[in-house]
Amino acid sequence: MCSDLVREIASSICDLHETPRIRKLLNDALSQGVPAMKIIEEGIRKGLDCVGKRYENNEYFLSELLYAASVVNDAFELLKPKLRSEDVKRKGAIVLGTVRGDLHDIGKNIFKMLAEASGFEVYDLGVDVAPDVFVQKLKETEAQILGLSALLTTTTSEMKSAVDMLVQEGVRSKVKVILGGNAVTKELAGEIGADAAALDAVEGLNICGEWV
């Protein structure tokens, strides 16, 4: 029964059901003793992965993606108190942001929610972030991972600028750099000296998990 509820949460997110229905499923799962992390990993993450695939296949468009992000954000707000009471193993820290010249943040925000739920401490700098701001925050926090997001291909040069500045400041060897966003490819990561590129938030979280 519990597994059925978790699967239903995933399918409801994938099918873009209304927030009240999903909240009811979440409350039902919690009342039956399903751990919040299980709901996130096997319900929310799989639901988001499905939404992402439908978006890639042109079955969903930006409005559907925005709606799914809103639903998931509401779900995380409901689950946060439960996560704090569960023994969620603390992992590393991530400095995160959308690079200078780009104001898109849907994918970044979804990744942030998943990362925080999985035990990472995330320092989200928002959008339109200059390379020196990323570097300064890394120095302040001693975070082990830098997440750079870009949706516009015209702003990928800012990702290279951020990586180059890490080298100039002598901190590149202390930081893993992961790229994300629609403008990103695996090839780009190699070209600009990043450690990895994620094609979706779930893959990004898995990569970061391997690093720590």
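As a reminder, the structure under discussion sits directly above these lines.
Rules of the game
Residues numbered from 1 in each chain as written. Predicted model: local features only at pLDDT ≥ 70, side-chain atom pairs only at ≥ 80, totals over all residues. Heavy atoms only, no water. Axes fitted to C-alpha atoms, helices over the stretch in contact; angles between N-to-C directions. Helix = DSSP H or I, 4+ residues; strand = E, 2+ residues; numbered from the N terminus. Parallel < 35°, antiparallel > 145°, perpendicular 65-115°, else oblique. Left-handed = near helix turned anticlockwise from the far one by under 90°. Contact = heavy atoms within 4.5 Å. Nonpolar A, V, L, I, M, F, W, Y, C, P; charged D, E, K, R; others polar. Disulfide = S-S within 2.5 Å. Buried < 20%, exposed > 50% of the residue type's maximum accessible area, 1.4 Å probe, protein only. Expected span 1.5 Å × (residues − 1). Arc of directions from axis to C-beta.

Chemist: I would appreciate a short explanation of the packing of helix H1 (residues 2-14) against helix H3 (residues 36-56) in the present structure.
Modeler: Geometry of a packed helix pair, given as the angle between the helix axes and the separation of the axes. Running from N to C, H1 and H3 point in directions that differ by 30°, and their axes come no closer than 8 Å. Accordingly, the angle class assigned to the pair H1 and H3 is roughly parallel. Here H1 and H3 pass one another in a crossing that is right-handed. Judged by residue contacts, Val-6, Ile-9, Ala-10, Ile-13 and Cys-14 of H1 engage Lys-38, Ile-39, Glu-42, Gly-43, Ile-44, Lys-46, Gly-47, Leu-48, Cys-50, Val-51 and Arg-54 from H3. Classifying every residue of the contact of H1 with H3 by side-chain character gives 10 nonpolar, two polar and four charged.

Chemist: So what exactly am I meant to see when it comes to the state of the cysteines here?
Modeler: Disulfide: a covalent bond connecting the sulfur atoms of a pair of cysteines. Using the criterion set out here, one finds one disulfide in the structure. There is a disulfide in this structure between Cys-14 and Cys-50, and the S-S distance comes to 1.8 Å. Here Cys-14, found in helix H1, pairs with Cys-50, found in helix H3; they are 36 residues apart in sequence, far enough to count as distant. Classification of Cys-14 as buried rests on a relative accessible area of 4%.

Chemist: Would you mind going over helix H2 (residues 19-31) with me for this structure?
Modeler: Each α-helix winds once per 3.6 residues, and so residues spaced three or four apart point in a common direction. Taking 1.5 Å of rise per residue, 13 residues should cover 18 Å, and H2 covers 18 Å from first to last C-alpha, within 8% of that figure. Along H2, the residues classified as buried are Ile-22, Leu-25, Leu-26, Ala-29 and Leu-30. Along the axis of H2, the buried residues cluster in a sector spanning 135°; they form a single face. Of the exposed residues in H2, those oriented more than 90 degrees away from the buried face are Pro-20, Lys-24 and Ser-31. Positive backbone phi, approximately 85°, marks Gly-33, located one or two places after H2.

Chemist: I would appreciate a short explanation of the packing of H1 against H2 in the present structure.
Modeler: One way to put it is that H1 packs onto H2 with a least axis distance of 10 Å and a crossing angle of 160°. In this view, H1 runs roughly antiparallel relative to H2, as classed from their interaxial angle. At the point where H1 passes H2, the crossing takes the left-handed sense. Here Leu-5, Glu-8, Ile-9, Ser-12 and Ile-13 of H1 come into contact with H2, specifically with Arg-21, Ile-22, Leu-25, Leu-26, Asp-28 and Ala-29. Broken down by class, the residue content of the contact of H1 with H2 amounts to seven nonpolar, one polar and three charged.

Chemist: Sorry if this is basic, but what is going on with the environment of Asp-128 here?
Modeler: Within the secondary structure layout, Asp-128 lies in the loop between strand S2 (121-124) and helix H6 (131-141). Taking the relative accessible area as the measure of exposure, Asp-128 reaches 40% and is therefore partly exposed. For the pair Asp-128 and Ala-196, spaced 68 residues apart in sequence, the C-alpha separation works out to 21 Å. In contact with Asp-128, not counting residues within four places along its chain, are Thr-98, Val-99, Arg-100, Gly-101, Asp-102 and Leu-103.

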